[in-house]
Amino acid sequence: LGSENIDTDIITLPRFILESQRMHKNAKGDFSMVLSALQYAFKFISQTIRKSELIHLIGITGDTNSTGDQQKKLDVLGDEIFINAMKTSGIIRVVVSEEQEHLILLEGNEAKYAICCDPIDGSSNLDAGVSVGTIVSIFKILPGSEGDEKDVLRSGTEMCGACYAMYGASTHLMVTMGQGVDGFTLDNNLGEFILTYPNLQIPANRAIYSVNEGNSPYWVESTRSFIESLRTHKVDPVTGAETKAYSARYVGSMVADVHRTFLYGGIFTYPSDKYHPNGKLRLLYEAFPMAMLVEQGGGKAVDDHGVRILDLKPTHIHDKTSIWIGSPNEVDKYLMHIGKL
Ligand code: P6P
């Protein structure tokens, strides 16, 4: 490549963090320490996943995790990598992980932040090489707390940040600190995340819906009739032209489905059904972080009843919720359908 083809003024995540620290004056750079511990975890997990096919880490351990899912070796490894990375921050005291039944206290650390995570979300897809991801919500420890469940059994509006990494053809990272959303892509040669989607905004609408249609016999009526309404093509009342019905896209890995929804627009939902009366996805480390990121990008996230996800408050660290998340105008169509708009 000639020198004119190489962008030498790239913004790496460390540079971005320092610049945002100066701009937002976040507390003595503490948040920067949290983000640098997180990016280390994402790089390590990304590298491990890409090697795992080679060292046969994939495959069932035979154990099940705290939430009953069959645990794959990479799940276990991803969880260990993540927890050790949080230790390196020195200021993360509390860790909640999908893979750990109980909340973890990192004793040697100062009690400044609490992290809730799904270390490898969508891991059932790993053997097929489908994109999986790590999803993270970040809370500041409550004043006077040395770290316990009170620091995370809170409304989603009390989160100070959220991010997800998606390990696909390349590794993407989406981050919010409450002032918009920025996307990064891992440059494996540099070993750095590079700013690729500054101040990302979700398209206001897009005729794409994303749901596991296999559950449709078990949905409540309002869900069934709403999804049905998206399938029915419409005739434009003015021009009489047929407007295309919606396209269906479903990966079965929340990070992949939400990431596509973020970039292309549309709506993703995991509604409640007969077998998942409160939905399947976890409030603290799947719904909350995705809701904060999508809202910061101009989107919306509500539960089956039209309640804003971030206004919910968990009573248990592994609580589940139904979720409808994506373009504001698409979520509004659902809210209108259930009479909440
Ligand atoms: P289903 C993956 O196991 C996961 O937790 C999410 O990543 C994903 O959105 C959902 O479950 C898929 O569930 O029932 O459609 O296979």
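Right above here is the structure, for reference.
Bear in mind that the values here come from a model prediction, so they are computed numbers and not experimental data. (Residues numbered from 1 in each chain as written. Predicted model: local features only at pLDDT ≥ 70, side-chain atom pairs only at ≥ 80, totals over all residues. Heavy atoms only, no water.)

Novice: Talk me through the site of the ligand; I want residue IDs and the actual numbers.
Specialist: With respect to spatial proximity, the complete set of residues near the ligand consists of Asp121, Gly122, Asn212, Tyr250, Gly252, Ser253, Met254, Phe268, Tyr270, Lys280, Leu281 and Glu286. At 2.7 Å, a backbone N or O of Met254 approaches an oxygen atom of the ligand. Here the ligand loses 80% of its free accessible area of 390 Å² to cover by the protein chains. Of the residues in the shell around the ligand, the class split is five nonpolar, four polar and three charged. (Near = heavy atom within 4 Å. Polar contact = N/O pair within 3.5 Å; in protein donor to acceptor, adjacent residues only side chain to side chain. Areas by Shrake-Rupley, 256 points an atom, 1.4 Å probe, with all protein chains shown as cover. Nonpolar A, V, L, I, M, F, W, Y, C, P; charged D, E, K, R; others polar.)

Novice: Kindly report on the pattern of salt bridges, identifying the contributing residues and their values.
Specialist: As enumerated under the stated definition, the model contains 17 salt bridges in all. We note a salt bridge from Glu146 to Arg93, for which the minimum N-O separation is 3.5 Å. Here Arg93 lies in strand S3 (residues 92-97) and Glu146 lies in the loop between strand S6 (132-140) and strand S7 (159-167), a separation of 53 residues in the sequence. With a shortest N-O distance of 2.8 Å, Asp148 and Lys150 are connected by a salt bridge. By relative accessible area, which is 29% here, Asp148 ends up partly exposed. What you see here is one network of salt bridges that share partners, running through Asp9, Arg15 and Glu19. (Salt bridge = Lys/Arg side-chain N within 4 Å of Asp/Glu carboxyl O. Helix = DSSP H or I, 4+ residues; strand = E, 2+ residues; numbered from the N terminus. Buried < 20%, exposed > 50% of the residue type's maximum accessible area, 1.4 Å probe, protein only.)

Novice: Outline the packing of aromatic side chains, listing residues and values.
Specialist: When we look at a pair of aromatic rings, we describe it by the centre distance and by the angle of the planes. Tallied over the full model, the rule gives eight aromatic pairs. A centroid spacing of 4.7 Å and a plane angle of 80 degrees characterise the contact between Tyr218 and Tyr275, whose relative ring orientation is edge-to-face. Pair noted here: Tyr218 is in the loop between strand S11 (208-210) and helix H4 (221-231) and Tyr275 is in the loop between strand S15 (267-270) and strand S16 (281-282), with a separation of 57 residues, a long-range link. Using a relative accessible area of 30% as the deciding quantity, one classes Tyr218 as partly exposed. (Phe/Tyr/Trp six-rings, centres within 6.5 Å; stacked < 30°, edge-to-face > 60°.)

Novice: Before we move on, can you summarise helix H7 (residues 328-337) with the specific residues and values?
Specialist: Along H7, the residues classified as buried are Pro328, Glu330, Val331, Asp332, Tyr334 and Leu335. Where H7 is buried, its residues touch H4, S15, strand S17 (300-302) and strand S19 (323-326). Downstream of H7 by a residue or two, Gly339 has a phi angle that is positive, lying close to 75 degrees. (Contact = heavy atoms within 4.5 Å.)

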